[in-house]
Structures are given as C-alpha cells and as structure tokens.
Amino acid sequence: MGGGNGQKGQDGPREKLGEAKGAKGSQLDSNKKAMTIQCKVCMQTFMCTTSEVKCREHAEAKHPKSDVTDCFPHLKKNDCVLEKIIICRAF
C-alpha cells in the first residue's frame, strides 16, 4: 500500500546508512537460475518450487501417452505419494 508519514520517516536513516530499500536491477538472472526442473520429453523447464502436482498436470496435458516418471524421473522416489494424489482426486 502507500507509504505513510511513519514509513517515510524511517526511510531517511536507512538511506543514510546505505541500506536502501532493496537491490536494484533485474531479477531475470535469478529467475533463470531457479529453473531447475526439466521435462525430459519436451525439455520445458520449471521453477525449483514447482510441486509434484504441477509436474503431473504438465505430463497429463502435454504428454498423455508418456508416464509421469518418463517426464520427471525425480518423481520415481515418491510413487506412493503420487498414488495418494490420484486417489484423493478421484473423490
């Protein structure tokens, strides 16, 4: 929201100490570095915070003939978790 008089009063001392509001510049480089999950079928990249559910949705929508683990091999470890998600969605 807007900056009230109290907030404006606190900005002055911070700027004098060199503690500006934040790092200036683009966040594009850090966003590119965060794209660590990759679909092995189409090579599309996803943010490192992407959930298993989103990976499954991608695999079902884009690659219906392929298995989810073909697209995302890192999901093989959690097969029981994926099965629980399928069961929960069925109800």
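Residues numbered from 1 in each chain as written. Predicted model: local features only at pLDDT ≥ 70, side-chain atom pairs only at ≥ 80, totals over all residues. Heavy atoms only, no water.

### Digging into the overall build of the chain
Scanning the chain for helices and strands turns up 5 helices and 2 strands. A buried classification covers 19% of the 91 residues belonging to the chain. (Helix = DSSP H or I, 4+ residues; strand = E, 2+ residues; numbered from the N terminus. Buried < 20%, exposed > 50% of the residue type's maximum accessible area, 1.4 Å probe, protein only.)

### With respect to the pattern of salt bridges
Taken as a whole and judged by the stated rule, the model has 2 salt bridges. Two residues, Lys 54 and Glu 57, come together in a salt bridge whose shortest N-O distance is 3.7 Å. Residue Lys 54 and its partner Glu 57 are located together in helix α3 (residues 52-62), separated by 3 residues, close to a single helical turn. For Lys 54, a relative accessible area of 48% puts it in the partly exposed group. A salt bridge links Arg 56 to Glu 60; the nearest nitrogen and oxygen atoms lie 3.6 Å apart. (Salt bridge = Lys/Arg side-chain N within 4 Å of Asp/Glu carboxyl O.)

### Section: the environment of Lys 32
Residue position: Lys 32 is located in helix α2 (residues 28-33). Separated by 15 residues in sequence, Lys 32 and Met 47 have C-alpha atoms that sit 8.5 Å apart.

### Quick notes on unusual backbone geometry
In this structure, Met 43 takes a positive phi of about 65 degrees despite not being glycine. Looking at the secondary structure, you find Met 43 in the loop between β1 (37-38) and β2 (45-46).

### Regarding α3
Looking only at α3, the buried set comprises Cys 55, Arg 56, His 58 and Ala 59. The arc that holds every buried residue of α3, seen down its axis, measures 160 degrees, which confines them to one face. (Arc of directions from axis to C-beta.)

### Side note on the side chain of His 58
Here His 58 lies in helix α3. Each residue touching His 58, except ones within four places of it in the same chain, is listed here: Cys 39, Cys 42, Gln 44, Phe 46, His 63 and Phe 72. (Contact = heavy atoms within 4.5 Å.)

### Describing the environment of Gln 38
Mapped onto the elements, Gln 38 comes out in strand β1. C-alpha separation for the pair Gln 38 and Pro 73, spaced 35 residues apart in sequence, amounts to 9.6 Å. Setting aside residues up to four positions removed in sequence, Gln 38 forms contacts with Met 43, Gln 44, Thr 45, Cys 71 and Phe 72. Here the side chain of Gln 38 touches Met 43 through a polar contact of 3.3 Å, landing on its backbone oxygen. (Polar contact = N/O pair within 3.5 Å; in protein donor to acceptor, adjacent residues only side chain to side chain.)

### Here's the deal with the side chain of Thr 69
Among the secondary structure elements, Thr 69 is positioned in helix α4 (residues 68-71). When its relative accessible area of 13% is taken as the criterion, Thr 69 is described as buried. Polar side-chain contacts of Thr 69 include one of 2.6 Å to the side chain of Asp 67.

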